[in-house]
Amino acid sequence: MKTSMMKKILSAALCTSMFFGLTACGNNTQQQSDADGEKLKVGIVQLIDNGAFEDMRDGFIQELQDKGYGEDKVEIIYKNAQGDATNLNTICQEMVDSQVDLVATIATPASQAMVAMESDVPIVFISVSNPIGAGLLTTMEQPDKNATGTSNAIPIEDIFALSDDLTPGMQTYGLLYCTNEVNSVTTIENAKNYLDEKGLQYVEQIVTNSSEVQQAAQALVGNVDAIFVPNDSVIQAAMPLVAEVARDAKIPIYGSSAVMVNSGAFATVAITDTEIGMISADMAIAHFEGKEMAEIPALVVPANAIVVNEDTAEALGVTLSDEQKADITFVRDSAN
Amino acid sequence: MVILLGSLQLGILYGMLALGVYITFRIMNVPDLTAEGSFTLGLALSAALTIAGHPLLGLGAALLAGAAAGCVTGLLHTKLGIHPILSGILTMSGLYSVNLLAMGNSSNLSLINSTSIFKMVGTLLPFLDKDMVKLLVALCFTALCALLLILFFKTHIGLCIRATGDNEDMVRASSIHVDNTKILALAISNAIIACTGALIAQYQSFADINSGVGILVVGLASVIIGEVLLSRRTLTGNFLAVLLGAIIYRFIIALATKYTILPAYMLKLVSACIVAFALSLPAMQKSLAMYKTRKEAQKHAAAETNF
C-alpha cells in the first residue's frame with residue numbers, strides 16, 4: 001500500500017517537474033533574448049554525424065563570423081538527432097519554441113522536417129540534392145515556403161571526363177553505393193544514363209549498411225576497370241577500407257566529394273563541403289540584412305575543383321603531365 | 001509551447017507504437033524485431049498513397065501490410081521452427097527491400113505538397129488551430145486503437161492469446177492451436193506498428209527509409225516507463241500506463257533536447273541517463289524503504305538494550 005502510494009506521488013512529481021522543466025526553459029530563453037537585445041539566434045539542425053556534414057556546418061559558422069556575424073552578434077544553437085529520426089521532429093519543435101531568427105538544416109530529412117513545421121522561422125537548407133523533389137520549394141528562383149538554400153548537384157559528366165583524362169581507356173565502371181540515401185540513388189541514376197549514352201559498361205554493387213561495404217568493394221575487383229562512388233555517407237565513412245581494396249587491385253576510385261579523396265579515393269571534381277556551407281551562410285546573411293526569403297533564390301552550387309590523392313596516384317602508378325597538374329589540388333591521406 | 005504541444009502530439013502517436021510493442025513484449029513475452037521493418041513499411045505505403053491522393057487508404061494499406069509482415073514472422077517462427085528473435089530480424093531485413101519497392105526505389109518521399117489526414121481534418125475544422133488539429137487526430141486514432149485492443153483482449157480469442165503468453169503448455173493442453181494465437185498476436189502487433197508509421201509519415205510530411213532505425217527501443221522504453229510509473233493489474237490499466245509511458249518518454253527526449261548546457265553530441269547520453277533514472281525509481285524506493293525499516297529496527301534494538 002505504502003509503496004504504491006509513494007509511487008503515485010513520485011510519478012506525479014516527475015511529470016510536473018518535466019512539465020515545468022520544459023516551460024521554464026522556454027521562459028528563460030525568452031528572457032535571455034530580451035536582455036541581449038539584438039543578438040541573433042541561429043539554429044543548426046542535423047540528422048546524423050558525418051564528416052561532410054561537419055564541414056558544411058563549420059563552413060556555415062565560419063562564413064557568418066567572417067562577414068561580421070561572430071559570437072558577439074550571433075548565438076548558434078546546434079542540435080543533432082544522432083541518427084534517430086524520431087528526435088528530428090522534437091528538435092524542429094524546439095527550434096520554433098526557442099524563437100530562433102533562422103534555422104540552417106543540413107541535408108534532406110532535416111530540411112523536410114523543418115519545412116513541414118510550417119512555422120514562420122526562415123530556413124536555409126544546406127546541400128539538398130533535389131530541393132524541388134523534396135518539397136522544400138516550388139521553383140528555385142522564388143522560394144515559396146520560407147526556405148531557401150543550396151543544392152549540390154554532382155557533376156557526373158565532369159567526373160567521367162576527368163576519368164578519361166587521368167586514366168584513359170576505362171571500359172567498365174563499378175558503381176558502389178548505399179540504397180539508404182536519396183542523394184546517392186539520384187546520382188547513380190544520372191551516372192547510369194550517362195554511361196548508357198557513351199556505350200560504357202557498368203556493374204552495380206549495393207550495400208544497405210557499413211558492415212557490407214568491404215565485401216561489396218571486393219566483389220567489384222576483377223570485374224571493373226574503375227569505381228564510381230556517389231555522394232553517399234555510408235560509403236564515404238568506409239572509404240579508407242574501399243580505397244585499400246582498390247589500391248591493391250590497382251583500380252582508381254572516382255568519388256563525389258573532396259572528403260572521399262582525403263580518405264583515399266583517387267580523384268573527383270567537387271565543390272568542398274565547407275564551401276557549400278559558406279554559400280548557404282551568405283544566404284542567411286542576405287536575410288539578416290533585410291531581404292525576404294522569397295527574394296533569395298536557391299542555388300545549385302557548381303563544382304569546379306579537381307582534387308587528386310597523391311598517395312593513391314602513387315599506389316596506382318598513375319603519372320600526370322605538368323599540364324594536368326596545373327589544374328589539380330593535390331591531397332594526401334588524412335590522418336583520420 | 002510549441003515543443004510542449006509537439007511532444008504531446010508525438011507522445012500520443014508513438015503511444016500507438018508502444019501498444020503494438022506491448023502485445024509482443026509483455027503479452028507474448030517475445031521482443032519482436034519485425035517492428036523496425038513494419039514501422040517503415042507503414043510509413044512508406046502511407047507516403048506513396050498520400051502522394052497519389054489517398055491518405056486514408058494509406059492507413060488501411062499500412063494496417064494490412066503490417067499484419068502480413070507480422071504473419072510472416074509468425075510463420076517463420078511457428079511453422080519453420082526459427083528462433084522468434086531471429087524470425088523478427090529476418091522479416092525486418094527482408095522488409096527493407098519491400099519498403100524501397102513501396103517508395104518506388106527512392107529512399108525519401110516528400111508529402112509537403114500533398115494532402116495528409118491532418119490537413120484534411122484541418123480544412124474540415126477551420127476554427128481549430130494547426131497544432132490542435134494534430135493533437136485531435138493523434139488522440140482519436142490512438143484512443144480508437146486502445147479501445148479496440150481492450151475490447152479484443154476480452155473476447156475468447158483475445159483471452160487465448162493472453163493465455164498463450166502466460167502458459168503455453170497449459171493452452172496447448174486445452175487443445176487451443178498455439179501456433180495460430182502466436183501468429184495472430186504478431187499480426188495485430190505489427191498492424192498497429194505499421195499504422196503508427198503511416199500516421200507519422202503524414203504528421204511529419206516525409207518518409208525516409210531510415211525512419212525505423214531504433215524504433216523498437218522507443219517502444220520498449222515507453223512500455224517500461226509506463227509500467228514503472230503506473231503499473232496496474234488489469235490489462236486496461238496496463239494499456240493506459242503504456243500510453244502514458246510513451247508521452248513521458250517524448251517529454252524526456254524534449255528535455256534532453258532543451259538542454260543547451262551540454263554540447264549537442266551529448267543528446268543520446270543525456271536521454272539515456274534520464275530514462276535510466278526513471279526506470280530506477282522503484283529500486284530506489286525499495287532501498288529507501290529498506291533503509292527506514294533498518295533504522296526503525298535499530299531504534300527498537302537500542303531501546304531494548306537500554307532496559
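Refer to the preceding data block for the structure.
Summary of the structure given here. Just so you know, the residues in each chain are numbered from 1, in the order the chain's sequence is written. Chain A is the first chain written and ligand 1 is the first ligand written, with later ones labelled in order. Local features in this predicted model are restricted to residues whose pLDDT is 70 or higher, and side-chain atom pairs enter the listing and the counts only when it is 80 or higher, whereas totals over whole chains, interfaces and linings include all residues.

## Thoughts on the overall build of chain A
- Helix and strand counts for chain A stand at 13 helices and 13 strands.
- Counting other C-beta atoms within 10 Å of a residue's own tells you its class, since 20 or more makes it buried, 12 or fewer makes it exposed, and anything in between is partly exposed; those C-beta atoms are placed from the backbone. Evaluated residue by residue, chain A yields a buried proportion of 50% over its 336 residues.
- What counts as a contact here is a pair of residues whose C-beta atoms, placed from the backbone, lie within 7 Å. Intrachain contacts of chain A at a sequence separation of at least 6 include 70% that bridge at least 24 residues. Comment: elements are numbered from the N terminus, with helices defined as DSSP H or I runs of at least four residues and strands as E runs of at least two.

## Quick word on helix 6 (residues 182–198) of chain A
- What a helix should span is 1.5 Å times the count of its residues minus one. For helix 6 of chain A, spanning 17 residues, the distance from its first C-alpha to its last is 25 Å, which sits close to the expected 24 Å at 1.5 Å a residue.
- All of the buried residues along helix 6 of chain A are V182, N183, S184, V185, T186, T187, I188 and A191 of chain A.
- Where the residues of helix 6 of chain A are buried, they touch helix 4 (108–116), helix 5 (156–166), strand 6 (172–178) and strand 8 (226–228) of chain A together with strand 1 (108–110) of chain B.
- G199 of chain A sits one or two residues past helix 6 of chain A and shows a positive phi near 70°.

## Structural notes on the pairing of strand 5 (residues 147–151) of chain A
Residues and elements named next belong to chain A.
- Here strand 5 lies mainly inside the structure; 5 of its 5 residues are buried.
- One ladder, built from 3 bridges, connects strand 4 (residues 123–126) with strand 5; its direction is parallel. When the bridges of strand 5 are listed, I123 appears paired with A147.
- Strands pair, by our definition, only if DSSP identifies at least two bridges between them. The sheet contact formed by strand 5 and strand 11 (residues 299–300) spans 2 bridges and is parallel. By the bridge assignment, T150 is partnered in strand 11 with L299.

## Quick word on the sheet that holds strand 5 of chain A
Residues and elements named next belong to chain A.
- Strand order across the open sheet formed by 6 strands is 2-1-3-4-5-11, with parallel pairing between neighbours. The open sheet is flanked by strand 2 (74–80) and strand 11, the only strands paired with a single partner.
- Helix axes are fitted only over the stretch in contact, all axes being lines through C-alpha atoms; the angle between N-to-C directions runs from 0 to 180 degrees. On top of the sheet, helix 4 reaches strand 1 (40–46), strand 3 (102–106), strand 4 and strand 5; it is set at about 145° to strand 3, its chief contact.

## Quick word on the interface of chain B and chain A
- Residue-level contacts link 45 residues of chain B with 46 residues of chain A.
- Amino acids outside the nonpolar list (Ala, Val, Leu, Ile, Met, Phe, Trp, Tyr, Cys, Pro) and the charged list (Asp, Glu, Lys, Arg) are all regarded as polar, and Gly is one of them. Its residues assigned to classes, the side of chain B that touches chain A shows 26 nonpolar, 15 polar and 4 charged.

Read these as geometric descriptors, not functional statements.
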